[in-house]
Amino acid sequence: MSDMTGHAGESFVAYLKDRLPLIERALHEADAVAMSHEGAPTEDLDRYLYAPLAHFTAGGGKRVRPVLALLGAEAVGGCADQALSCGVAIELFQSAALIHDDIADASELRRGEPCLYRTEGLGLAINAGDLALTRVFEIVLADGSLPAERRLLVLEELVRMERHTLEGQALDLGWARDGRWDVTSDDYLYMIDGKTAWYTVASPLYAGALAAGAEPDAVRGLIEVGLPAGLAFQLQDDLLNLVGDAGAQGKDFRSDITEGKRTLAVVWALEHLGGAERSELVELLESGTADTSRLARAVELIELGGGIDKCRELAAEKTAEAQKRARELAERGVITTEAAELLVSMADFFINRRA
């Protein structure tokens, strides 16, 4: 292992690639099938419920969340296999969240394909997402390799993760529904803490450590690594949507403006722009425009209000905070030095992504 500089995320990317086959195999083995009852129309159940969810989950991306569960287990001296059920459960929650998000946002594409509700219909897509939520608990409960008390601890953390995510989602959707432009920067950070940071980083790391037998109080510091790292992850997403590589993002580039999202860049700018410019930005955000010149004008106003600079500044600050806490955990012997290096690299990866 190299020193703990992160090298722009190279160590973590290598770890992701190395652990990915474990996750993919476990996800495939976790595909649900119809409950066995004599005379059950199994072909229809597969067509209308199990196959759509399996196809959706199989089309996932880098699998960062489940891999972080494996890292949480290895960080405390356990092995990756101990956290596989936990990692699969978190990825299935991700499937549920994305299926339901696409419906709430009336999205067209997910991972380059039509959204599930567009191919299967609204009712069946909602049902498939609900199945994924059910499987979160079934997968962990069925893991006989874990002692019962560990399964309970993992499930308790997954429930907390889900509640945080739902709170964040409620704020995000509610502010949009009610046309709220009085949302503050602190409000936004609370929202993404719930909607992104817990289930993207903090809970996977912590639950993985619990699956490996760590004492809950001893490894709570992993949450203190995960929350700022998760915030940095979301802030980088926000930046990429506004000022990232248009070619890499395709039609999603600047979609946050089209959808009128209350990102940190937007709410910070609204807090600091003068009356006429603030009103112009609100008008652009409410217009649903996809016109490139109007989108560019919105970004210009956001930059004028200091939103882009604030995002960059806070993302860097949160990255440094996560890395500092990871190093401190290693110094105290809570996690291994190798795991701390990977967590430092993870934070670098989050903030240096280009797409």
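In what follows, the structure referred to is the one given above.
Reference entry: report on the structure contained in this document. Just so we're clear, the structure is a prediction, and the values are computed from it rather than from any experiment.

1. A closer look at the packing of helix α6 (residues 122–141) against helix α7 (residues 148–177)
Item 1. Where α6 contacts α7, the axes come no closer than 9 Å and their chain directions differ by 165°. Comparing the axis directions of α6 and α7 gives the class roughly antiparallel. The handedness of the crossing between α6 and α7 is right-handed. Here Leu 133, Val 136, Phe 137, Val 140 and Leu 141 of α6 lie close against α7, whose contacting residues are Arg 151, Val 154, Leu 155, Leu 158, Val 159 and Glu 162.
Item 2. Per-class residue counts for the contact of α6 with α7 are nine nonpolar, no polar and two charged.

2. Observations concerning unusual backbone geometry
Item 1. The phi dihedral of Arg 111 falls on the positive side, at around 55°, and the residue is not glycine.
Item 2. Assignment of secondary structure puts Arg 111 in the loop between β1 (109–110) and β2 (113–114).
Item 3. Of note in this structure, Arg 254 is not a glycine but carries a positive phi near 60°.

3. So, the packing of aromatic side chains
Item 1. Here the structure, examined in full by the defined rule, presents five aromatic pairs.
Item 2. A centroid spacing of 5.4 Å and a plane angle of 85° characterise the contact between Phe 93 and Tyr 199, whose relative ring orientation is edge-to-face. Note that Phe 93 is positioned in helix α4 (residues 84–105) and Tyr 199 in helix α8 (residues 185–211), a separation of 106 residues in sequence. Each member of the pair, Phe 93 together with Tyr 199, is buried.
Item 3. Judged by centre distance (4.9 Å) and plane angle (80°), the rings of Phe 233 and Phe 350 are edge-to-face.

4. Some details on the pattern of salt bridges
Item 1. Throughout the structure, instances matching the rule amount to 21 salt bridges.
Item 2. Close ionic contact of Arg 19 with Asp 18 constitutes a salt bridge, the shortest N to O distance being 1.9 Å.
Item 3. Residue Glu 91 is joined to Arg 63 by a salt bridge in which the shortest nitrogen-to-oxygen separation is 2.6 Å. With Glu 91 in helix α4 and Arg 63 in the loop between α2 (42–58) and α3 (64–75), this residue pair connects regions lying 28 residues apart in the sequence. Across the pair, Arg 63 and Glu 91 agree in class, each one buried.
Item 4. What you see here is one network of salt bridges that share partners, running through Asp 18, Arg 19 and Glu 74.

About the thresholds
- Residues numbered from 1 in each chain as written.
- Predicted model: local features only at pLDDT ≥ 70, side-chain atom pairs only at ≥ 80, totals over all residues.
- Heavy atoms only, no water.
- Axes fitted to C-alpha atoms, helices over the stretch in contact; angles between N-to-C directions.
- Helix = DSSP H or I, 4+ residues; strand = E, 2+ residues; numbered from the N terminus.
- Parallel < 35°, antiparallel > 145°, perpendicular 65-115°, else oblique.
- Left-handed = near helix turned anticlockwise from the far one by under 90°.
- Contact = heavy atoms within 4.5 Å.
- Nonpolar A, V, L, I, M, F, W, Y, C, P; charged D, E, K, R; others polar.
- Phe/Tyr/Trp six-rings, centres within 6.5 Å; stacked < 30°, edge-to-face > 60°.
- Buried < 20%, exposed > 50% of the residue type's maximum accessible area, 1.4 Å probe, protein only.
- Salt bridge = Lys/Arg side-chain N within 4 Å of Asp/Glu carboxyl O.

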